[in-house]
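Coordinate analysis (summary)
Okay, here's what each chain looks like letter by letter:
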Amino acid sequence: MAQPLAERMRPKSLKDYIGQSHLVGEGAVLRQMIDAGHISSFILWGPPGVGKTTLAQIIAHQLETPFYTLSAVSSGVKEVREVIERARNNRFFSTSSPILFIDEIHRFSKSQQDSLLGAVETGTVTLIGATTENPSFEVIRPLLSRCQLYVLKSLERDDLLLLLQHVLKEDTILKTRKIELKETNAMIRYAGGDARKLLNILELVVDAEQEEEVVITDERVINRLQQNPQAYDKGGELHYDIISAFIKSIRGSDPDAAIYWLARMIEGGEEPSFIARRLVISAAEDIGLANPNALLLANACFDAVHKIGWPEGRIPLAEVTIYLATSAKSNSAYAAINKAISCVRETGNQPVPLHLRNAPTKLMQQLGYGDGYKYAHNYEGHFVKQQFLPDALNKNSFWQPQDNLTEKKLRDKMQQIWKDRY
């Protein structure tokens, strides 16, 4: 049985590697290390299908160094220690450190990541990790501090078109057929910057045609993908369409629709942490001060999903989805920070009023830093009226309370103490 097209056409060298010129183009940082024949441990962060695994394999091949790979999905601490021991025993005096490639390193637990530290620090292995998640959140600080971080970008339209032409010309199976790329907009759109997805779409469309000659049009691509029951794509346009429908259903207070889109994502194989993270954002952006408990519950859901995984993780996701959809809504905090950021960009770095400045030295005290500041807790009701905004912005207002029970109470309190300001 033939390998999938994406696997058959996996690049073996940098000359066939498409995209990521900011890392592997002439003179780029990774290219310089590869050409020098020595690399340090690093983590590749980027969306699916942009060449993280392929780049690691190319580096190992070009440096002619032993290459070990682990999947964070199926490997535990025991497997990590075993592969490190093999790397230590197989290392020769004149060779570079063996490369240990860990796909989806964000799925490793703290203990699994801890088990890597010693080997990375002593150079027993050179670690290359790949992740679709922000390493700042998912990789422990001691390990992250021992690795460089390189960000891979979604492939551009020109990259994807170049890949299509290369594949039709070089693939042993496709080049035996007469394939015309009459239209490519649909393929590019559904690929969403993901090379693997693009090649899967191409293969799906070509395999569906019995004739030796295949003319690829946007209509043909769309029809074929609509017939595919697993059309949900974690990296492409449908991925963003469904998460958009999910969030908009929550914002629109429709729990039935929200649960439906949640089910679509679950059945499509979406990362549970991605869904949970979007619920946290929705709780802050769309429910906000109308129900501050929503953020607490969403954050608890995020933690629970990490702890229990699938399939049970669907339960707290469903619970929070319904809770957010049925909750009162407010975007006043979201609107306030956006308004404040716009103000900062327009007005620049306004000076901090002297009475608000820190005065840790005698010179600063002599210059008047901190003079006139009133300590709120020394006053009745723990409040005293004074200026907190820069002089030029003292009349500006950023937070506008909205019409819900919680913010009405907050507004009443602010009006009581600040009078006409709110």
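Above this text is the structure in question.
What this report covers is the structure whose coordinates are included nearby. (Residues numbered from 1 in each chain as written. Predicted model: local features only at pLDDT ≥ 70, side-chain atom pairs only at ≥ 80, totals over all residues. Heavy atoms only, no water.)

**Points about the overall build of the chain**
Scanning the chain for helices and strands turns up 20 helices and seven strands. Relative to a compact globule of 422 residues, whose C-alpha radius of gyration would be 22 Å, the chain shows 27 Å and is clearly more extended. Its C-alpha atoms put the chain at 85 × 55 × 40 Å along the principal axes. Within the span of the chain, comprising 422 residues, buried residues form 41% of the whole. For the chain, the share of sequence-separated contacts (at least 6 apart) that also reach a separation of at least 24 residues comes to 72%. When the accessible surface of the chain is split by element, carbon and sulfur atoms take 52% of a total near 23400 Å². (Helix = DSSP H or I, 4+ residues; strand = E, 2+ residues; numbered from the N terminus. Rg over C-alpha atoms; globule rule 2.2 N^0.38 Å. Buried < 20%, exposed > 50% of the residue type's maximum accessible area, 1.4 Å probe, protein only. Contact = heavy atoms within 4.5 Å. Areas by Shrake-Rupley, 256 points an atom, 1.4 Å probe, with all protein chains shown as cover.)

**What to know about the packing of helix 5 (residues 77-90) against helix 6 (residues 110-122)**
Angle between the axes and distance between the axes: these two values describe a pair of packed helices. Contact geometry of helix 5 with helix 6 gives a least axis separation of 9 Å together with a crossing angle of 15 degrees. Taken together, the axes of helix 5 and helix 6 are roughly parallel relative to one another. For helix 5 against helix 6, the interelement crossing comes out right-handed. Residues Val 77, Val 80, Arg 81 and Ile 84 of helix 5 form the contact with helix 6, whose participating residues are Ser 111, Gln 112, Ser 115, Leu 116 and Ala 119. Counted by class, the contact of helix 5 with helix 6 contains five nonpolar, three polar and one charged residues. (Axes fitted to C-alpha atoms, helices over the stretch in contact; angles between N-to-C directions. Parallel < 35°, antiparallel > 145°, perpendicular 65-115°, else oblique. Left-handed = near helix turned anticlockwise from the far one by under 90°. Nonpolar A, V, L, I, M, F, W, Y, C, P; charged D, E, K, R; others polar.)

**Some thoughts on the sheet that holds strand 4 (residues 126-131)**
Read from one edge of the open sheet, five strands run 2-3-4-1-5, paired in parallel fashion. Because the sheet does not close on itself, it has two edges, and the strands there are strand 2 (67-71) and strand 5 (148-151). On average, adjacent strands in this sheet sit at an angle of 20 degrees to one another, irrespective of strand direction. As defined by bridge partners, strand 3 (residues 99-103) adjoins strand 4 across five bridges and the pair is classed as parallel. In the strand pairing of strand 4, Asp 103 is matched with Ala 130. Against the sheet, helix 5 contacts strand 2 and strand 3, and its axis sits at roughly 180 degrees relative to strand 2. (Pairing = 2+ DSSP bridges.)

**Concerning the environment of Asp 171**
Relative to the helices and strands, Asp 171 resides in the loop between helix 9 (157-170) and strand 6 (178-181). Taking the relative accessible area as the measure of exposure, Asp 171 reaches 1% and is therefore buried. For Asp 171 and Arg 31, which are 140 residues apart along the polypeptide, the C-alpha to C-alpha distance reads 26 Å. Once you skip the residues sitting within four places of it in the chain, Asp 171 turns out to touch Leu 5, Arg 8, Met 9 and His 166.

**A word on a nonpolar patch on the surface**
Judged by side-chain polarity, Tyr 373, Tyr 375 and Phe 388 come together as a nonpolar surface patch covering roughly 330 Å² of accessible area. For Tyr 373, the position within the fold is in the loop between helix 19 (362-366) and helix 20 (405-418). (Patch = residues over 30% accessible without salt bridge, like charges linked within 9 Å, V, L, I, M, F, W, Y side chains within 5 Å. Salt bridge = Lys/Arg side-chain N within 4 Å of Asp/Glu carboxyl O.)

**Quick notes on the environment of Asn 338**
Residue position: Asn 338 is located in helix 18 (residues 332-347). In the structure, Asn 338 is positioned 60 residues away from Phe 398 in sequence and 8.7 Å away in space, judged by C-alpha atoms.

**Topic: a positive patch on the surface**
A cluster of like positive charges, contributed by Lys 385, Lys 395, Lys 419 and Arg 421, occupies part of the molecular surface. Here Arg 421 lies in the segment after helix 20. Residue class for Arg 421 comes out partly exposed when judged on its relative accessible area of 35%. (Lys, Arg positive; Asp, Glu negative; His and termini not counted. Charge placed at Lys NZ, Arg CZ, Asp CG, Glu CD.)

**Quick look at the packing of aromatic side chains**
In this description, a pair of aromatic rings is defined by centroid distance and the angle of the planes. Here the structure, examined in full by the defined rule, presents four aromatic pairs. For the ring pair Phe 67 and Phe 101, a centre distance of 6.1 Å and an interplane angle of 20 degrees mean the geometry is stacked. Within this pair, whereas Phe 67 is found in strand 2, its partner Phe 101 is found in strand 3, the two being separated by 34 residues in sequence. On the basis of an interplanar angle of 70 degrees and a centroid distance of 4.8 Å, the ring pair of Tyr 260 and Trp 261 is categorised as edge-to-face. Since its relative accessible area comes to 43%, Tyr 260 is described here as partly exposed. (Phe/Tyr/Trp six-rings, centres within 6.5 Å; stacked < 30°, edge-to-face > 60°.)

**Thoughts on the side chain of Arg 31**
Looking at where Arg 31 falls in the secondary structure, it is placed in helix 3 (residues 29-36). Setting aside anything within four residues of it in sequence, one finds Arg 31 in contact with Leu 14, Leu 23, Val 24, Gly 25 and Glu 26.

**Remarks on helix 20**
Taking 1.5 Å per residue as the helical rise, helix 20 with its 14 residues ought to reach 20 Å, and the 20 Å between its terminal C-alpha atoms agrees with that figure. Three or more residues of helix 20 are buried, namely Glu 407, Met 414 and Trp 418. For helix 20, the angular spread of buried residues about the axis comes to 25 degrees, placing them on one side. Away from its buried face by more than 90 degrees, helix 20 exposes Leu 405, Lys 409, Lys 413 and Gln 416. Tucked inside the fold, the buried residues of helix 20 contact helix 18. Within two residues after helix 20, Lys 419 carries a phi angle of roughly 65 degrees, on the positive side. (Expected span 1.5 Å × (residues − 1). Arc of directions from axis to C-beta.)

**Considering the nonpolar core**
One finds Val 167, Leu 174, Met 187, Leu 198, Leu 202, Ile 216 and Val 221 to be the most contacted residues of the largest nonpolar core, which totals 28 residues. Mapped by element, the contributors of at least two residues to this core are helix 1 (5-8), helix 9, helix 10 (185-191), helix 11 (195-207), strand 7 (213-216) and helix 12 (218-226). Ranked by residues supplied to this core, first place goes to helix 11 with seven residues. Residues in contact with Leu 198, not counting those within four places in the same chain, are Leu 160, Leu 163, Leu 164, Met 187, Ile 188 and Ala 191. (Core = buried A, V, L, I, M, F, W, Y, C linked by side-chain atoms within 4.5 Å.)

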